[in-house]
Amino acid sequence: MVSYTLRRDRSLPRVSWSSVVEMKSGKSFEGESVRSFLERVRTFTERRPEREPAGSMTMEGSGIGEVVVYSMAMSPYAAAVRLLLAEKGVEYSKTEIKGMKREQIQPWFARINPKMTVPAVTLAGEGGVETTLTDSREALAYFEREGAPGRRLVDPAKERETWSLVDEAYAIQLAALYCDRFRRTKPAVLEMMEDMHAKLLSELGRLSEEEPQLREEYEAKKREKETYLENFVRGSGKVAENEARAKALLDRAESLLGPPSTQEQEGFLFGKYSVADVVLTSLLATLLTFDCEPLQGRPNLAKVSGMDARACTWVGG
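Residues numbered from 1 in each chain as written. Predicted model: local features only at pLDDT ≥ 70, side-chain atom pairs only at ≥ 80, totals over all residues. Heavy atoms only, no water.

### What about the overall build of the protein?
Alright, step 1. Counting its secondary structure elements, the protein contains 11 helices and eight strands.
Alright, step 2. Taken over 317 residues, the protein has a buried fraction of 50%.
Alright, step 3. A fraction of 72% describes how many contacts in the protein between residues 6 or more apart in sequence connect residues 24 or more apart.
Alright, step 4. When the accessible area of the protein is evaluated, it comes to approximately 14900 Å², of which 50% is carbon and sulfur surface. (Helix = DSSP H or I, 4+ residues; strand = E, 2+ residues; numbered from the N terminus. Buried < 20%, exposed > 50% of the residue type's maximum accessible area, 1.4 Å probe, protein only. Contact = heavy atoms within 4.5 Å. Areas by Shrake-Rupley, 256 points an atom, 1.4 Å probe, with all protein chains shown as cover.)

Written as structure tokens, this is what we have:
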């Protein structure tokens, strides 16, 4: 387990696909193995902090003990939780779940988060009682509740609008968008994803037999992954509705950013940096990583893209 607090994390920087060639024999990229390719992408998407920020705080006196975030490279939802905690100055330990090794479905993690997804956030409470948050939206709300440590990232006067935008972002099934992009431009990547999910399903079946106390959770996960395969990897029936959701959200963000002269603080959705900016940052980074072109025709978003951290309190010199 690596313990640190994020100092500067712009979430997922763009990875250009122009240097990625089609798979040969369905198993490797020219001059680069699939594993090497994924490792290269991971190094783009996970930036280790150089030092802790000034003003980071512990949970002492808040009723919350040690905070541990279980994260995974390229997860926008884990990135959103980490960005929120870093901006609030909350210290936490990060445990990286290695997707290539399918650690997210191993029994030790399934006992922490039966959903077998990231992020999962554990909080040591008084008397040794541990709380586990198994959903990133739940975690954002938990750390923004009344009395939570750190500065508020929701203006009470704009609370309804802020959470409304957050919920719009969470309604988008990102897999529908990036799988469709692969289908049209990089079918070899989609083939690789299907192969990886087939292996995941096989291991879930094995673990269901070997871990009877977790059989119900493993069977539920198998059904979830089978649905994922049919809806996103093999099928395109979910694309149109999610393109519409993404367009509506991005257009709303473009309008909220508006002309600089109308902003209380240029470049943020609701005047000051908020949980809505946290979520939009993570979503935009994922769409940019997979060349889904979220900035096309949106000059305000294009202007602030990659610059969202300039007024965050956790960005040091």
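There's plenty left to go through after this.
### Points about unusual backbone geometry
Alright, step 1. Along the chain, V118 connects to P119 via a cis peptide bond; the corresponding omega equals 0°.
Alright, step 2. Structurally, the position occupied by P119 is in the loop between α3 (107-112) and β7 (120-125).
Alright, step 3. The phi dihedral of R102 is positive, around 55°, even though this residue is not glycine.
Alright, step 4. If you trace the backbone, R102 turns up in the loop between β6 (93-96) and α3.
Alright, step 5. Even without a glycine there, the phi angle at M116 is positive, about 60°.
Alright, step 6. In this structure, M116 sits in the loop between α3 and β7.

### Focus: helix α8 (residues 215-233)
Alright, step 1. Taking 1.5 Å of rise per residue, 19 residues should cover 27 Å, and α8 covers 26 Å from first to last C-alpha, within 8% of that figure.
Alright, step 2. Of all the positions in α8, only Y218, K221, K225, Y228, L229, F232 and V233 are classed as buried. Buried residues along α8 cover an arc of 105° about the axis, so they all sit on one side. Projecting away from the buried face of α8 at angles above 90 degrees are the exposed residues E216 and R223. (Expected span 1.5 Å × (residues − 1). Arc of directions from axis to C-beta.)

### Some details on the packing of helix α5 (residues 159-170) against helix α9 (residues 239-257)
Alright, step 1. At their nearest, the axes of α5 and α9 sit 9 Å apart, and the two run at 145° to each other. Relative to α9, α5 is oriented so that their crossing is left-handed. Seen from α5, the contacting residues are E161, S164, L165, E168 and A169; seen from α9, they are A248, L249, R252 and L256.
Alright, step 2. Here the residues of the contact of α5 with α9 are counted per class, giving five nonpolar, one polar and three charged. (Axes fitted to C-alpha atoms, helices over the stretch in contact; angles between N-to-C directions. Left-handed = near helix turned anticlockwise from the far one by under 90°. Nonpolar A, V, L, I, M, F, W, Y, C, P; charged D, E, K, R; others polar.)

### Focus on the confidence of the model for the protein
Alright, step 1. Counting all residues, the mean pLDDT for the protein is 79, and 72% of those residues have values of 70 or more.
Alright, step 2. Across residues 1-34, confidence stays below pLDDT 50; counting only partners more than four residues off in sequence or on other chains, it has 107 contacts.
Alright, step 3. Segment residues 44-58 is flagged for pLDDT under 50; beyond a separation of four residues in sequence, or across chains, it makes 42 contacts in the model. (pLDDT = per-residue confidence, 0-100.)

### A closer look at the nonpolar core
Alright, step 1. With 66 residues, the main nonpolar core has V121 and Y178 as its most contacted residues.
Alright, step 2. Those residues within four positions of Y178 in sequence are excluded, and the remaining contacts are M193, Y228, F290 and C292.
Alright, step 3. Membership of the second largest hydrophobic core comes to seven residues, among which are V68, Y70, M72 and A120. (Core = buried A, V, L, I, M, F, W, Y, C linked by side-chain atoms within 4.5 Å.)

### With respect to the environment of K221
Alright, step 1. Its place among the elements puts K221 in helix α8.
Alright, step 2. Residue K221 is classed as buried on the basis of its relative accessible area of 5%.
Alright, step 3. A C-alpha to C-alpha distance of 9.8 Å links K221 and T117, two positions 104 residues apart in sequence.
Alright, step 4. Residues within four places of K221 in sequence aside, it is in contact with K115, M116, T117 and L204.
Alright, step 5. Polar contacts involving the side chain of K221 include one to the main-chain carbonyl oxygen of K115, which spans 2.9 Å. (Polar contact = N/O pair within 3.5 Å; in protein donor to acceptor, adjacent residues only side chain to side chain.)

### Side note on the pattern of salt bridges
When charged atoms on two side chains of opposite charge get close, those side chains can pair.
Alright, step 1. All told, the structure shown has 22 salt bridges when counted by the stated rule.
Alright, step 2. The closest approach of N and O atoms between R234 and E230, which form a salt bridge, is 2.6 Å.
Alright, step 3. Relative accessible area serves as the criterion here: at 46%, R234 is assigned to the partly exposed category.
Alright, step 4. What you see here is one network of salt bridges that share partners, running through K88, E144, E146 and R152. (Salt bridge = Lys/Arg side-chain N within 4 Å of Asp/Glu carboxyl O.)

### Regarding the environment of V69
Alright, step 1. Looking at where V69 falls in the secondary structure, it is placed in strand β5 (residues 64-71).
Alright, step 2. Accessibility expressed as a relative area gives 0% for V69, which makes it buried.
Alright, step 3. For the pair V69 and V81, spaced 12 residues apart in the sequence, the C-alpha separation amounts to 8.3 Å.
Alright, step 4. V69 has contacts with R82, L85, Y92, S93, K94, T95, P119, A120 and V121, leaving out every residue within four places of it along the chain.

### Topic: the side chain of E144
Alright, step 1. Here E144 is to be found in the loop between α4 (136-143) and α5.
Alright, step 2. Within the structure, the side chain of E144 is placed 2.8 Å from the side chain of K88, a separation counted as a polar contact.
Alright, step 3. When residues no more than four places from it in sequence are discounted, the contact partners of E144 are L84, K88, R151, R152, L153, V154 and W163.

### Remarks on the packing of aromatic side chains
Alright, step 1. Counting across every chain of the model gives 10 aromatic pairs.
Alright, step 2. Where Y70 meets F109, the ring centres are 5.7 Å apart and the plane angle is 50°; that geometry is what we call tilted. Separated by 39 residues along the polypeptide, Y70 in strand β5 and F109 in helix α3 bring together distant segments of the chain.
Alright, step 3. Judged by relative accessible area, Y70 falls into the buried class, the value being 9%.
Alright, step 4. Residue classification places F109 among the buried positions, given a relative accessible area of 0%.
Alright, step 5. Residues F182 and F290 carry aromatic rings whose centres are separated by 5.5 Å and whose planes lie at 90° to one another, so their mutual orientation is edge-to-face. With F182 in helix α6 (residues 174-185) and F290 in the loop between α10 (275-289) and α11 (299-304), this pair connects stretches of sequence that are 108 residues apart.
Alright, step 6. Looking at R145, its charged tip hangs above the ring of Y142, at a distance of 4.2 Å from the centre.
Alright, step 7. Over the ring of Y228 we find K225, and its NZ or CZ is 4.6 Å from the ring centre. (Phe/Tyr/Trp six-rings, centres within 6.5 Å; stacked < 30°, edge-to-face > 60°. Lys NZ or Arg CZ within 6 Å of the ring centre and 35° of its normal.)

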